Amino acid sequence: MERITVKEVDIHICGGGFDSKTCRKACTGKCPYCYVDMVSGSNPVFRDLPVFGDTKTLMQVIRNIHASAQPEDLVFVGGDPCEHDDLMKLIQFAKGLGMNVAVLSNTHIYRDGGKIIPIEWITPFVDELALTLHGIGSSHDSINGNKGAYENAMRQLRKFMAARGKSDRAVSIVLNFVPYTMLNIEEMMIGIIEELQMDPERDYFAIQRIAPTGLAEDDYEQWKVRRDLLPQTLEVIERIRKDRGFETKVDTIDVFPWCAIPDKYHYMLHEGGCQWGRPNGILSVVQDGGIQRCALSERTIGSFLDIDTQGEFARFMLDNQTLSAFREHRHLDDKCLHCQYLDKCGGGCVIASGNGDPYVIEGAVHKGHDYLVV
Ligand SMILES: C[S@@+](CC[C@H](N)C(=O)[O-])C[C@H]1O[C@@H](n2cnc3c(N)ncnc32)[C@H](O)[C@@H]1O
Ligand code: SF4
Ligand code: SF4
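Residues numbered from 1 in each chain as written. Chains lettered and ligands numbered in written order. Predicted model: local features only at pLDDT ≥ 70, side-chain atom pairs only at ≥ 80, totals over all residues.

Caption draft 1: Up close: the overall build of the protein chain. Secondary structure assignment for the protein chain yields twelve helices and 13 strands. Here the C-alpha coordinates of the protein chain stretch approximately 55 × 50 × 40 Å along the principal axes. Within the protein chain, buried positions represent 47% of all 374 residues. Look at the contacts in the protein chain between residues 6 or more apart in sequence, and 73% of them connect residues 24 or more apart. (Helix = DSSP H or I, 4+ residues; strand = E, 2+ residues; numbered from the N terminus. Buried ≥ 20, exposed ≤ 12 C-beta atoms within 10 Å, placed from the backbone. Contact = placed C-beta atoms within 7 Å.)

As structure tokens, then:
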């Protein structure tokens, strides 16, 4: 059997809801477009899952991910993964297996056995801390839904940056490409670079598109990338790269159609298109071990509780109907299938298209194209 691995696995260790057993929320955020929505239940993947993943199950899932998919990077997400009582234990376990560990949290307030611990205690075990930034100061708070969220996150990240010394531990800033972020991109990027004294040798930015799933399903128009704003936004990203040396990963989380981006910015795009669910690419996992092709997919296609060897993983990647249909571009309409850029572009992001996950029903792929296609 061919040896197949992935580069990264993102693991959701909790959802976004309220846990009646512990009387705790799995995320203090109230972002109006959150896909990990367990409250209204509109994202079927998260609807029936436990709010907090069980620690023993998660350790088994992490062990199996390492033994079978062998990713270099394991990214803890949620909900807010920091709300999980055993995040420290899970981080140490993953690091002990040899994976690079990153945490995407809105608080970065860490817990060990349920008790809040100093962020300096986790620093030796993590390679990267990531924060989704919605604005500078109170504009961040107004989207995240908590007064003081920005200041609190800044305090934690500053402590981490002081504790990392000269090591190559990184801070990454995720910018969701909603219209107000695109309109304020310069102020936000310069603001956070200066606020945190970010280091271009280690720290960087990443772009995320919002998909019509979870809370974003209602009134999706307001969260969509505005095509008319793309050239000016990319110009700012290019300028910050040239003047200040900061990299922005425009196309690694969610892809952009090559035809929607002026040619001079094509160098920012990843050749081959969307890497979710591909060999050497990325996979998403939910709190019971369920595997999603992409974090924004609306169904699971397997479980890491059932896959614990390289051979089983290779078989899963090659045989799974959704993954093979995706590799064969079965979700694309003629416009993309006959396009000269298809090999490089892959057809953009069809989940973010406005129609949702084209593979939501097994064996019944719906066709379409990214709404940004020109
Ligand atoms: C669900 S959050 C979990 C980690 C953490 N709570 C945070 O907000 O960064 C992961 C990322 O997904 C983004 N996100 C939320 N809803 C989304 C949606 N409907 N489509 C795409 N990304 C979304 C968030 O803004 C964040 O950048
Ligand atoms: S996007 Fe993140 S911070 Fe916001 S509500 Fe969802 S999980 Fe919480
Ligand atoms: S493959 Fe589709 S999305 Fe990509 S450049 Fe061609 S028409 Fe645009």
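Caption draft 2: Spatial organisation of helix α7 (residues 185-196). The first and last C-alpha atoms of α7 sit 16 Å apart over twelve residues, in line with the 16 Å expected at 1.5 Å per residue. Buried within α7 are the following residues: I185, M188, M189 and I192. In an axial view of α7, the angular spread of the buried residues amounts to 95 degrees, which keeps them on one side of the axis. Buried-residue contacts for α7 involve β8 (128-133), β9 (170-176), α6 (179-183), β10 (204-208) and α8 (230-244). (Expected span 1.5 Å × (residues − 1). Arc of directions from axis to C-beta.)

Caption draft 3: Quick peek at the nonpolar core. Counting residues in hydrophobic clusters, the biggest one holds 107 residues, and the most contacted among them are V9, I11, F76, L90, A94 and V285. Those residues in contact with F76 that sit more than four places away from it in its chain are I11, I13, P81, L87, L90 and V103. (Core = buried A, V, L, I, M, F, W, Y, C linked by C-beta atoms within 7 Å.)

Caption draft 4: Region of interest: the site of ligand 3. Every one of the 14 residues lining ligand 3 counts as a neighbour, but P257, C259, C336, C339 and C345 are closest to it. Of all the elements in the fold, those that place two or more residues in the shell around ligand 3 are α11 (334-337) and α12 (342-345). Residue classes in the shell around ligand 3 are distributed as nine nonpolar, three polar and two charged. (Near = placed C-beta within 6 Å. Nonpolar A, V, L, I, M, F, W, Y, C, P; charged D, E, K, R; others polar.)

Caption draft 5: Molecular detail of the site of ligand 2. Residues in close proximity to ligand 2 include G16, C27, G29, K30, C31, C34, V36, G78, G79, D80, N106 and N144, which together make up its full environment. Within the shell around ligand 2, the residues separate by chemical class into four nonpolar, six polar and two charged.

Caption draft 6: Here's a closer look at helix α5 (residues 149-163). An ideal rise of 1.5 Å per residue puts 21 Å on 15 residues; α5 measures up with 21 Å between its terminal C-alpha atoms. If you check which residues of α5 are buried, you get A149, Y150, A153, Q156, L157 and M161. Taken down its axis, α5 places every buried residue within 140 degrees of arc, on the same side. Each element contacted by the buried residues of α5 is listed here: β8, α4 (138-144), β9 and α7. Looking one or two places after α5, you find G165, whose phi comes out positive at around 55 degrees.

Caption draft 7: Spotlight on the environment of V6. Note that V6 resides in the segment before β1 (8-12). Taking the C-alpha atoms as reference points, V6 and T181, 175 residues apart in sequence, are found 31 Å from one another. Among all residues touching V6, those that are not within four sequence positions of it are A69, P71, P279, N280, G281, I282 and L283.

Caption draft 8: Summary view of the sheet that holds strand β5 (residues 100-104). Across the sheet, nine strands lie side by side as β11-β10-β9-β8-β5-β4-β1-β12-β13; this open sheet has mixed pairing. Each edge of the sheet is formed by a strand with only one pairing partner; in this case those strands are β11 (248-249) and β13 (291-292). Looking at chain direction, β10 and β11 are connected through two bridges and run parallel. Counted as the bridge partner of F205 is T248 from β11. Each of β8 and β9 touches α5; the most contacted strand, β8, lies at about 155 degrees to it. On top of the sheet, α7 reaches β8, β9 and β10; it is set at about 155 degrees to β9, its chief contact. (Pairing = 2+ DSSP bridges. Axes fitted to C-alpha atoms, helices over the stretch in contact; angles between N-to-C directions.)

Caption draft 9: Region of the structure containing unusual backbone geometry. In this structure, Q70 is a non-glycine residue whose phi angle is positive, near 50 degrees. Residue placement: Q70 occurs in the loop between α2 (55-68) and β4 (73-77). For Q70, a count of 18 C-beta atoms within 10 Å corresponds to the partly exposed category. Positive phi outside glycine occurs at H108, with the angle close to 55 degrees. Relative to the elements of secondary structure, H108 occurs in the loop between β5 and β6 (111-112).

Caption draft 10: Summary view of the pairing of β9. Most of β9 is tucked away: six of the seven residues are buried. As defined by bridge partners, β9 adjoins β10 across five bridges and the pair is classed as parallel. In the sheet register, I173 faces β10, and the bridge partner there is F205.

Limitation: the analysis is restricted to geometry and does not speak to function.
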